[in-house]
Amino acid sequence: MLRDIRKQYAIANLNEDEAEKSALSQFKKWLDDALQSAELEPTAMIISTVDASMQPHARVVLLKEFDSRGLVFYSNYNSHKGKQIETNPKVSALFLWQSLERQVRITGSIEKISEDESIAYFKSRPLDSQLGAYASPQSEVIANKAFLEKRFETIKLQFGSNIQKPEHWGGYLIRPQSIEFWQGRPNRLHDRLFYSRLADDTWKIERLAP
Ligand SMILES: Cc1cc2nc3c(=O)[nH]c(=O)nc-3n(C[C@H](O)[C@H](O)[C@H](O)COP(=O)(O)O)c2cc1C
């Protein structure tokens, strides 16, 4: 029965005296732990965007860069998410690192990265991924699978191995406004540290009840 599935969390703590003062440093620490853990897809994050009718939409994307600006992933600017971001540049990102009994929840604003940065990343991708990005009109209704396979082959013939980044494809940067770190603890008394960014780019840290 679903209702009988229950797990005790106990492998780690998250205490104020050990936590980093900056949410970005704390995130880097946990990201490094995740990269070294048994997680199958440690860079997978769930991005939520809200459309014009206030309906939220969530989907997985892969984190490709993390630095002092924030988190970068790549996508199709004409996709549903791309259109939702144009209407409302407020997003959330969520990481679930199950083997570490950790969740990270990020809120913030999102913007496109520079064309140069997107081109550099596009060029670093394997050829088949480049072709795939070109071939797929992401989020559009298509007649059948063969449509996509045919487009892929046509573009392959057209460009060979010298394929340019499509204009409608590139990176998005999420600038975090808040980051909550959740560490599972016994008896459902989990640790939650909530960081919010202040005007001077320092972070306020509060403990939230689980
Ligand atoms: C593990 C995994 C990784 C994914 N990575 C990406 C990604 O980096 N970029 C992307 O655009 N879609 C990625 N997707 C597909 C998205 O979840 C989604 O189907 C697609 O972006 C279309 O979303 P939209 O119609 O809401 O715009 C990934 C899906 C999975 C399951």
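Our structure is the block above this text.
As the structure is a computational prediction, the values presented were derived from the model and not from experiment.

Chemist: Which residues make up the pairing of strand E7 (residues 169-183), and what are the values?
Modeler: Most of E7 sits out of view: 13 of its 15 residues are buried. Two strands pair when backbone bridges link them, and strand E6 (residues 102-112) and E7 are joined in this way by eleven bridges, in the antiparallel orientation. Within E7, the position partnered with serine 109 by the bridge is arginine 175. In the sheet, E7 pairs with strand E8 (residues 191-197) via six bridges, with the strands oriented antiparallel. Across the sheet, the residue bridging to phenylalanine 181 is leucine 193, located in E8.

Chemist: Please provide a residue-by-residue account of the site of the ligand, values included.
Modeler: Residues in contact with the ligand, as listed here, are Glu41, Arg59, Val60, Val61, Leu62, Tyr74, Ser75, Ser79, His80, Lys81, Gln138 and Ser139. Histidine 80 is positioned with one of its backbone polar atoms (N or O) 3.3 Å from an oxygen atom of the ligand. Here an oxygen atom of the ligand sits 2.6 Å away from a polar atom, N or O, in the side chain of lysine 81. Considered on its own, the ligand offers 620 Å² of accessible surface; in the complex 64% of this is hidden by protein. Those elements that place two or more of their residues in the shell around the ligand are strand E2 (56-62), strand E4 (70-76) and helix H2 (80-87). In terms of residue count, the dominant contributor to the shell around the ligand is E2 (four residues).

Chemist: Could you give me a rundown of the pattern of salt bridges, with the residues and numbers involved?
Modeler: In this structure the tally under the stated criterion is 14 salt bridges. Measuring nitrogen to oxygen at the nearest pair gives 3.3 Å for the salt bridge that ties glutamate 101 to lysine 7. Of the two residues, glutamate 101 sits in the loop between strand E5 (90-97) and E6 while lysine 7 sits in the segment before helix H1 (23-35), which places them 94 residues apart along the sequence. Arginine 175 is paired through a salt bridge with glutamate 111; the nearest N and O atoms lie 2.9 Å apart. With arginine 175 in strand E7 and glutamate 111 in strand E6, the pair connects residues that are 64 residues apart, well separated along the chain. You can call glutamate 111 partly exposed: its relative accessible area is 33%. Three or more residues are tied together by salt bridges with common partners; here these are Glu16, Asp191 and Arg207.

Chemist: Help me get a handle on H1, residues and values and all.
Modeler: If you check H1, its first and last C-alpha atoms are 18 Å apart, about what 13 residues at 1.5 Å a residue would give, namely 18 Å. Among all positions in H1, only Ala23, Leu24, Gln26, Phe27, Trp30, Leu31 and Ala34 are buried. In an axial view of H1, the angular spread of the buried residues amounts to 155°, which keeps them on one side of the axis.

Chemist: Describe helix H4 (residues 127-135), naming the residues involved and giving the relevant values.
Modeler: Buried within H4 are the following residues: Gln130, Leu131, Ala133 and Ala135. Turning to H4, the residues buried within the fold contact helix H3 (115-124), helix H5 (145-159) and E7.

Chemist: How would you sum up the packing of aromatic side chains? Please name residues and give values.
Modeler: Summed over the entire model, instances satisfying the criterion amount to 14 aromatic pairs. When the centroid spacing of 3.9 Å and the interplanar angle of 20° are considered together, the rings of tyrosine 74 and tyrosine 121 count as stacked. Highlighted residues: tyrosine 74 in strand E4 and tyrosine 121 in helix H3, separated in sequence by 47 residues. Grouping residues by exposure puts tyrosine 74 and tyrosine 121 together as buried. Within the aromatic cluster, the residues linked to one another by ring pairs are Phe27, Phe66, Phe95 and Trp97. Geometry around tryptophan 30 places arginine 102 over its ring, the cationic atom sitting 4.1 Å from the centre. Stacked on the ring of tyrosine 77, the Lys or Arg lysine 112 has its end atom at 4.4 Å from the ring centre.

Cut-offs and rules
Residues numbered from 1 in each chain as written. Predicted model: local features only at pLDDT ≥ 70, side-chain atom pairs only at ≥ 80, totals over all residues. Heavy atoms only, no water. Buried < 20%, exposed > 50% of the residue type's maximum accessible area, 1.4 Å probe, protein only. Helix = DSSP H or I, 4+ residues; strand = E, 2+ residues; numbered from the N terminus. Pairing = 2+ DSSP bridges. Near = heavy atom within 4 Å. Polar contact = N/O pair within 3.5 Å; in protein donor to acceptor, adjacent residues only side chain to side chain. Areas by Shrake-Rupley, 256 points an atom, 1.4 Å probe, with all protein chains shown as cover. Salt bridge = Lys/Arg side-chain N within 4 Å of Asp/Glu carboxyl O. Expected span 1.5 Å × (residues − 1). Arc of directions from axis to C-beta. Contact = heavy atoms within 4.5 Å. Phe/Tyr/Trp six-rings, centres within 6.5 Å; stacked < 30°, edge-to-face > 60°. Lys NZ or Arg CZ within 6 Å of the ring centre and 35° of its normal.

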